[in-house]
Amino acid sequence: MRSFYEYLVEDGLRERNLVRRGQSSRRGRRPRQGLVRRFEQAPWIPNEDVWQRILFACAEESLRNRLMVTLAYDGALCREELVQLDVGDFEHAHRLIHLRAETTKFQRAREVAFDVTSSRLFLAYLNERRGMFGRIDGPLFRSASSRNYGKPLGPSTWSKTVEGIARRAGAARLSTHTFRHLRLTDLARADWTIDQIAQYAGHRDLATTMRYIHLSGREPAARLHRASASIQQDRENLLAALAAVR
């Protein structure tokens, strides 16, 4: 209805939109409730059984796609950040990725890390990539299809890849953002501070970061046990299986 009235206002058939918008309290503004209340859904996080099914399905993917999965998780990368990675963005000696401001959602450069499995897959993919396309810099991920051979991979291709993984894993709610959500939740479980998580994720608003603190169940869990090291080790052990596929 709001869009319909916006259309009428734009065509001069109405003076104003009758379906009022809500307004947040950010930047000192007075909050205002919209006509229709919005319900904010929490990000979907796969449990351990579903995560293992997802990784089992990922093992059937190409070397390039397996690397994309591990980097998406390790770096908590959005879809656009992942597909726009350049070869020169990687500092392999320190296992760091330098995300350029122009590739990020909020135009803020930041650094993220990648783990041992991603490191192994990265070196293997560089060798494969060199054999297919030669020694070229620029976008890391390139198409191997006959129609777009050697062209940089686009966001829609990565989305289709994840959709295929979701079907095979029986995880209908899996999306390109799930790897990012899971990583940030795991960082919260590992007792990272809210500021550290926000910096790693590139969040501008700490309210967004707080969602992962709540999803992690960190505060009640801390009263029972601390397992930050074992969580990351379990993740790495599961991801390592992707590097073993020939």
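These lines cover the structure that appears in this document, whether it is placed above or below. (Residues numbered from 1 in each chain as written. Predicted model: local features only at pLDDT ≥ 70, side-chain atom pairs only at ≥ 80, totals over all residues. Heavy atoms only, no water.)

## Some remarks on the overall build of the protein
Within the protein, the regular secondary structure consists of 11 helices and three strands. Order of helices (α) and strands (β) in the protein, N terminus to C terminus: α-α-α-α-β-β-β-α-α-α-α-α-α-α. Counting only residues that meet the buried cut, the protein has 41% of its 246 residues in that class. Excluding contacts between residues fewer than 6 apart, the proportion of contacts in the protein whose partners are at least 24 apart in sequence is 57%. In the form shown here, the protein has an accessible surface area of approximately 14400 Å², with 49% of it arising from carbon and sulfur atoms. (Helix = DSSP H or I, 4+ residues; strand = E, 2+ residues; numbered from the N terminus. Buried < 20%, exposed > 50% of the residue type's maximum accessible area, 1.4 Å probe, protein only. Contact = heavy atoms within 4.5 Å. Areas by Shrake-Rupley, 256 points an atom, 1.4 Å probe, with all protein chains shown as cover.)

## Points about helix 6 (residues 155–169)
With 15 residues, helix 6 should reach 21 Å at 1.5 Å per residue; the first-to-last C-alpha distance of 21 Å fits that figure. Here the buried face of helix 6 lies against helix 2 (48–58), helix 3 (63–74), helix 4 (79–83) and helix 7 (178–189). Remark: Gly 170 follows helix 6 within two positions and exhibits a positive phi of approximately 65 degrees. (Expected span 1.5 Å × (residues − 1).)

## Some details on the side chain of Thr 117
Within the secondary structure, Thr 117 is located in helix 5 (residues 116–133). Polar contacts involving the side chain of Thr 117 include one to the side chain of Glu 236, which spans 2.5 Å. Those residues in contact with Thr 117 that sit more than four places away from it in its chain are Thr 70, Glu 236, Leu 239, Ala 240 and Ala 243. (Polar contact = N/O pair within 3.5 Å; in protein donor to acceptor, adjacent residues only side chain to side chain.)

## Some points on the sheet that holds strand 1 (residues 90–91)
On the basis of which strands lie adjacent, the open sheet formed by three strands has the order 1-2-3 and antiparallel pairing. The outermost strands of the open sheet, each flanked by one partner alone, are strand 1 and strand 3 (110–113). Pairing analysis gives four bridges linking strand 2 (residues 96–99) to strand 3, with the strands arranged antiparallel. Bridge pairing in strand 3 links Leu 96 to Ala 113. (Pairing = 2+ DSSP bridges.)

## Description of the pattern of salt bridges
A full pass over the atoms with the stated rule returns nine salt bridges. A salt bridge links Glu 61 to Arg 168; its shortest N-O distance comes to 2.5 Å. Residue Glu 61 is located in the loop between helix 2 and helix 3, and its partner Arg 168 is located in helix 6; the two are separated by 107 residues in the primary sequence. The exposure class of Glu 61 is buried, given its relative accessible area of 15%. Between Asp 186 and Arg 189 there is a salt bridge; the shortest N-O distance is 3.1 Å. One end of the pair, Asp 186, and the other, Arg 189, are both in helix 7, three residues apart, so they sit about a helical turn from each other. You can call Asp 186 buried: its relative accessible area is 3%. Three or more residues are tied together by salt bridges with common partners; here these are Asp 86, Asp 89, Arg 100 and Glu 102. (Salt bridge = Lys/Arg side-chain N within 4 Å of Asp/Glu carboxyl O.)

## Side note on a nonpolar patch on the surface
A contiguous nonpolar surface patch, about 380 Å² in accessible area, is contributed by Met 1, Phe 4 and Tyr 7. Within the secondary structure layout, Met 1 lies in the segment before helix 1 (2–10). (Patch = residues over 30% accessible without salt bridge, like charges linked within 9 Å, V, L, I, M, F, W, Y side chains within 5 Å.)

## Details of the packing of helix 3 against helix 5
Contact geometry of helix 3 with helix 5 gives a least axis separation of 9 Å together with a crossing angle of 145 degrees. As helix 3 runs across helix 5, the sense of the crossing is left-handed. When helix 3 is examined against helix 5, the residues Leu 63, Arg 64, Arg 66, Leu 67, Thr 70, Leu 71 and Asp 74 are found in contact with a partner set consisting of Thr 117, Ser 118, Leu 121, Phe 122, Ala 124, Tyr 125 and Glu 128. Residues that form the contact of helix 3 with helix 5 fall into these classes: seven nonpolar, three polar and four charged. (Axes fitted to C-alpha atoms, helices over the stretch in contact; angles between N-to-C directions. Left-handed = near helix turned anticlockwise from the far one by under 90°. Nonpolar A, V, L, I, M, F, W, Y, C, P; charged D, E, K, R; others polar.)

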